[in-house]
Amino acid sequence: MVEERKVEEEMERSVRDLRRRAQQFLGLKVEYEPPKRIIQWGEYTGIGKFEEPSEMPKEMRDLLLKMLTVQADTEFASIEQHSDTIFTAPTPSDRVKVARIMVDEMRHGWQITQLLDQFGPEGRKAKEWVLAVRLGNHRLQAFNTPFSSWEDVLVFTFLVDRVGIYQLRAFEGSSYGPLARAIPTMLMEEQLHVNFGFDGLKRMLKDSYQGVKNRERAQKALNKWFPMALDMFGKTGSKSSEMAVRYGIKRWKNEEARQMYLREVEELINELGLEMPDPNVGRKVL
Ligand SMILES: [Fe+2]
Ligand SMILES: [Fe+2]
């Protein structure tokens with residue numbers, strides 16, 4: 001572990017050096033910021049991040065294990081949901097994009113299960129569960145619902161993958177160092193997934209032959225997935241979400257993240273010319 005930290009410090013130093021030289025000699029502004037090594041918020045602000053579950057208080061370790069199990073479950077579950085789409089997506093280019101999304105989700109699932117391995121026997125048990133569980137028994141309703149149309153696929157990536165972005169952004173800079181460092185590539189890939197959904201919906205709504213029918217189909221799918229997407233943020237006032245912020249695992253409490261998400265999707269739904277569904281209708285997790 002000490003060796004690994006040394007290597008990372010060395011890498012951070014070389015990135016800083018590279019950035020300084022790029023700025024000095026080439027006039028280039030390099031945006032990459034090495035991940036911070038110090039806890040940024042909550043009870044442990046200002047001290048070094050937790051690098052191993054064994055360093056954490058038990059309450060924090062148990063909570064983090066639960067959260068990572070849910071996260072890993074969503075990654076593998078979405079592959080299961082997408083699997084038929086590989087044969088049913090309307091164009092070859094859509095099929096390539098769906099395949100790409102499945103590969104990305106597989107990699108995310110793999111990254112999170114690597115973290116589960118750090119939690120000893122309990123983590124390995126969680127990993128076995130994640131790999132064995134199938135549609136109908138996943139933790140969140142959005143991942144127990146099969147896709148029954150192309151617009152389901154588009155709205156799912158537009159809405160549900162976007163919740164994924166909020167969850168990942170909440171973990172960005174997490175007090176658990178290995179998780180914080182796994183986030184940037186995952187976030188970049190999730191951005192592709194949500195853009196795929198948004199662009200696909202835009203194209204579908206612009207179809208001049210079926211414009212009206214497509215609008216109805218897209219609206220129906222939006223109304224179907226919207227409450228499930230909002231439920232993914234978890235209960236308002238949840239004690240575990242407060243605890244997660246206090247331990248520096250997550251940046252926002254459930255309701256804070258849900259409100260930010262609502263503001264973003266409202267703008268995008270307006271841009272699509274669809275109707276914003278009532279955020280209180282059809283909800284199961286309040
Ligand atoms: Fe993912
Ligand atoms: Fe995704």
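Residues numbered from 1 in each chain as written. Chains lettered and ligands numbered in written order. Predicted model: local features only at pLDDT ≥ 70, side-chain atom pairs only at ≥ 80, totals over all residues.

- As recorded in an unreviewed UniProt entry, the protein chain goes by Ring-1,2-phenylacetyl-CoA epoxidase subunit PaaA and comes from Metallosphaera yellowstonensis MK1.

1. Details of the overall build of the protein chain
Phase 1 of the analysis: The helix and strand inventory of the protein chain stands at ten helices and zero strands.
Phase 2 of the analysis: Going from the N terminus to the C terminus, the protein chain shows its helices and strands as α-α-α-α-α-α-α-α-α-α.
Phase 3 of the analysis: Scored against the burial criterion, the 286 residues of the protein chain give a buried share of 34%.
Phase 4 of the analysis: Long-range contacts, defined here as pairs at least 24 residues apart, represent 71% of the contacts in the protein chain between residues at least 6 apart. (Helix = DSSP H or I, 4+ residues; strand = E, 2+ residues; numbered from the N terminus. Buried ≥ 20, exposed ≤ 12 C-beta atoms within 10 Å, placed from the backbone. Contact = placed C-beta atoms within 7 Å.)

2. Concerning the nonpolar core
Phase 1 of the analysis: Core analysis: the largest hydrophobic core is formed by 53 residues, its most contacted members being L64, L68, V155, L159, V163, W225 and A229.
Phase 2 of the analysis: Contributing elements (two or more residues each) for this core: α2 (58–82), α4 (92–117), α5 (120–132), α6 (150–171), α7 (177–206), α8 (211–231) and α10 (254–272).
Phase 3 of the analysis: In terms of residue count, α6 provides more of this core than any other element does, eleven residues in total.
Phase 4 of the analysis: Apart from residues no more than four positions distant in its own chain, L68 is found in contact with I112, L115 and L116. (Core = buried A, V, L, I, M, F, W, Y, C linked by C-beta atoms within 7 Å.)

3. Overview of the environment of A182
Phase 1 of the analysis: Mapping A182 onto the fold places it in helix α7.
Phase 2 of the analysis: Residue classification places A182 among the partly exposed positions, given that 19 C-beta atoms sit within 10 Å.
Phase 3 of the analysis: On a C-alpha basis, the gap between A182 and L115 in space is 9.5 Å, while along the polypeptide they are 67 residues apart.

4. Side note on α7
Phase 1 of the analysis: For α7, spanning 30 residues, the distance from its first C-alpha to its last is 45 Å, which sits close to the expected 44 Å at 1.5 Å a residue.
Phase 2 of the analysis: Where α7 bends most, the angle comes to about 35°, and this point is I183, followed within four residues by the proline P184.
Phase 3 of the analysis: Taken together, the buried positions of α7 are G177, L179, A180, I183, M186, E190, H193, F196, G197, G200, L201 and M204. (Expected span 1.5 Å × (residues − 1). Bend = angle between axes of the 7 residues up to and from the residue.)

5. Overview of the packing of α2 against α5
Phase 1 of the analysis: At a minimum axis separation of 10 Å, α2 and α5 run at an interaxial angle of 25°. Relative to α5, the element α2 lies roughly parallel. Considering how the two elements wind past one another, α2 and α5 form a crossing that is right-handed. Contact residues: L65, T69, A72, D73 and F76 in α2; E122, G123, A126 and V130 in α5.
Phase 2 of the analysis: Across the contact of α2 with α5, the residue classes break down as five nonpolar, two polar and two charged. (Axes fitted to C-alpha atoms, helices over the stretch in contact; angles between N-to-C directions. Parallel < 35°, antiparallel > 145°, perpendicular 65-115°, else oblique. Left-handed = near helix turned anticlockwise from the far one by under 90°. Nonpolar A, V, L, I, M, F, W, Y, C, P; charged D, E, K, R; others polar.)

6. A look at the environment of V96
Phase 1 of the analysis: For V96, the position within the fold is in helix α4.
Phase 2 of the analysis: On a C-alpha basis, the gap between V96 and I86 in space is 7.9 Å, while along the polypeptide they are ten residues apart.

7. Focus: the packing of α2 against α4
When two helices pack together, you describe them by how their axes are tilted relative to each other and by the distance separating the axes.
Phase 1 of the analysis: Look at α2 against α4: their axes get within 9 Å of each other, and the N-to-C directions meet at 155°. Judged by the inter-axis angle, α2 sits roughly antiparallel to α4. Taken as a pair, α2 and α4 cross one another with a handedness that is left-handed. Contacts between α2 and α4 pair L68, Q71, A72, E75, F76, S78, I79 and H82 from the former with V98, I101, M102, E105, M106, H108, G109, I112, T113, L115 and L116 from the latter.
Phase 2 of the analysis: Looking at the contact of α2 with α4 residue by residue, the classes come out as eleven nonpolar, six polar and two charged.

8. Considering the environment of Q111
Phase 1 of the analysis: Following the sequence through the fold, Q111 ends up in helix α4.
Phase 2 of the analysis: In this structure, the C-alpha to C-alpha distance between Q111 and I183, residues 72 residues apart in sequence, is 9.6 Å.
Phase 3 of the analysis: Not counting the four nearest positions on each side in its chain, Q111 is found in contact with A182 and M186.

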